[in-house]
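Examining the three-dimensional arrangement
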Amino acid sequence: MICDSCENPAVYTRKYSGQKLCSTCFSNSIVRKTAKTISKYNMIKHNDLVAVAVSGGKDSLALLKIINEMASTHSFKIKAITIDEGIPGYRNEALEIVEKFCAELNVEHKVYSYKDLFELTLDEALDLRENEKTSSCSICGTLRRRAIDYAAKDIDADVIATGHNLDDTLQTFVINMLSGDTTKIGWMDPDTSSNSLRKIKPFCEIYESEIVFYAFTNDIPFQSEPCPHMNEGIRTEIREFLNSLETKHSGVKNNLYQSILKVSQIVKTTNPKEKTVCEKCGTECTGNICSVCNMVLKLKENQT
């Protein structure tokens, strides 16, 4: 089997397109697609400082490598930020991987912990929750978003780049639909160029399986140990369901993603929520108190 782009042996086949690629051409295609996505949605502007959120997983480390290469030939700079939730054993390994990889790339790296920012580690927060209907992923996700926002402001970044891929977007869409939280679907538009602090997902049009292969073929070391709390929520089941559909019907993920973009535009224009400022921390939100402050307040009430 020969690569469709050169004469080298092909090592990867995109089932949804039938395209066969060698390792080099495959890697180049991921870089080109990432660059095209950044350009299409105006994700990075001239002289921007991009805060790349790096967890130690395949997606964020692959993104850091690609964004770093782009920064060397374009007019923007990057810094890496990592959020330490305080999960014993799990996060320590990831921090070591990220620190070593950033040193190899000569990228400045800074770590921010839940304990320093919220006076609670994730495990402490889980012990304080009222009941287990509030999943660990829900608590962690809320705190993580605020921690990343804080980190970006601390380093004076213009943009936050995360490694969320196409599969992540599909899973989030299904979760919002199943939970009845349709308003959030209006926030899924990848073009955030009008926001004061832009949050971008350069991998939003790339399959997770392709990011995995990119990481392997480029010898990117990443944490393979899954989060000990990952199976508490519904996301894992949705991931498996969508993967099963894609195996039987190649390209179904791409089709669903295009539908999400259209639905997001409709929801955003027909059900807008006026943004206000949180009374506690001053960040933008849609109520008097933001979800993060509201959650931390409830957790600390349970602590006393």
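The coordinates are above.
In this report, we go over the structure that sits alongside the text. (Residues numbered from 1 in each chain as written. Predicted model: local features only at pLDDT ≥ 70, side-chain atom pairs only at ≥ 80, totals over all residues. Heavy atoms only, no water.)

With that settled, consider the pairing of strand 3 (residues 49-53). With five of its five residues buried, strand 3 lies for the most part within the structure. Here strand 3 shows two buried faces, one formed by Leu49, Ala51 and Ala53 and the other by Val50 and Val52. Alignment of strand 3 against strand 4 (residues 77-84), held across five bridges, turns out to be parallel. By the bridge assignment, valine 50 is partnered in strand 4 with isoleucine 78. Between strand 3 and its parallel partner strand 4, the chain crosses via helix 2 (residues 58-71), and the hand of that crossover is right-handed. As paired strands, strand 3 and strand 6 (residues 159-161) are joined by three bridges and run parallel to one another. Residue pairing across strands places valine 52 opposite alanine 161, the latter belonging to strand 6. (Buried < 20%, exposed > 50% of the residue type's maximum accessible area, 1.4 Å probe, protein only. Helix = DSSP H or I, 4+ residues; strand = E, 2+ residues; numbered from the N terminus. Pairing = 2+ DSSP bridges. Right-handed = clockwise from strand over helix to strand, strands pointing away.)

Let us now look at the sheet that holds strand 7 (residues 198-200). Ordered in space as 5-4-3-6-7, the five strands form an open sheet in which the pairing is parallel. Strands at the two margins of the open sheet, each flanked by one partner only, are strand 5 (109-113) and strand 7. Ignoring which end each strand starts from, the neighbouring axes of this sheet average 30° apart. Together, strand 3, strand 4 and strand 6 form the strand contacts of helix 2, whose direction differs from that of strand 4 by roughly 165°. Running at roughly 165° to strand 4, helix 3 (residues 90-105) makes contact with strand 4 and strand 5 of the sheet. (Axes fitted to C-alpha atoms, helices over the stretch in contact; angles between N-to-C directions. Contact = heavy atoms within 4.5 Å.)

By the secondary structure assignment, glutamate 124 is in helix 5 (residues 122-128). A residue is classified by how much of its surface remains accessible, and glutamate 124, at 31% relative accessible area, is partly exposed. Considered as a pair, glutamate 124 and histidine 109 are 15 residues apart in the sequence and their alpha carbons are 26 Å apart. Reaching out from glutamate 124, the side chain makes a polar contact with the side chain of lysine 115 at a distance of 3.0 Å. Within the structure, glutamate 124 has its side chain in polar contact with the backbone nitrogen of threonine 121 (distance 2.9 Å). (Polar contact = N/O pair within 3.5 Å; in protein donor to acceptor, adjacent residues only side chain to side chain.)

Right, let's get into the side chain of threonine 169. Note on placement: threonine 169 falls in helix 7 (residues 166-179). The buried category is assigned to threonine 169, whose relative accessible area is 10%. In contact with threonine 169, other than residues within four places in its own chain, are Met188, Cys204, Tyr257 and Ile260.

A separate point is helix 11 (residues 291-303). Taking 1.5 Å of rise per residue, the 13 residues of helix 11 would be expected to cover 18 Å, and the 18 Å separating its terminal C-alpha atoms lies within 8% of that figure. Where helix 11 is buried, its residues touch helix 4 (114-118), helix 5 and helix 6 (136-154). (Expected span 1.5 Å × (residues − 1).)

Attention shifts here to the pattern of salt bridges. Applying the stated criterion across every chain, the model contains 16 salt bridges. The shortest N-O distance in the salt bridge between arginine 14 and glutamate 210 comes to 2.9 Å. With arginine 14 in strand 1 (residues 12-14) and glutamate 210 in helix 8 (residues 208-217), this pair connects stretches of sequence that are 196 residues apart. Judged by its relative accessible area of 7%, arginine 14 is buried. Here lysine 184 ties to aspartate 181 by a salt bridge, and the two come within 3.4 Å at their closest N and O atoms. You can call lysine 184 partly exposed: its relative accessible area is 35%. (Salt bridge = Lys/Arg side-chain N within 4 Å of Asp/Glu carboxyl O.)

These figures capture arrangement, not role.
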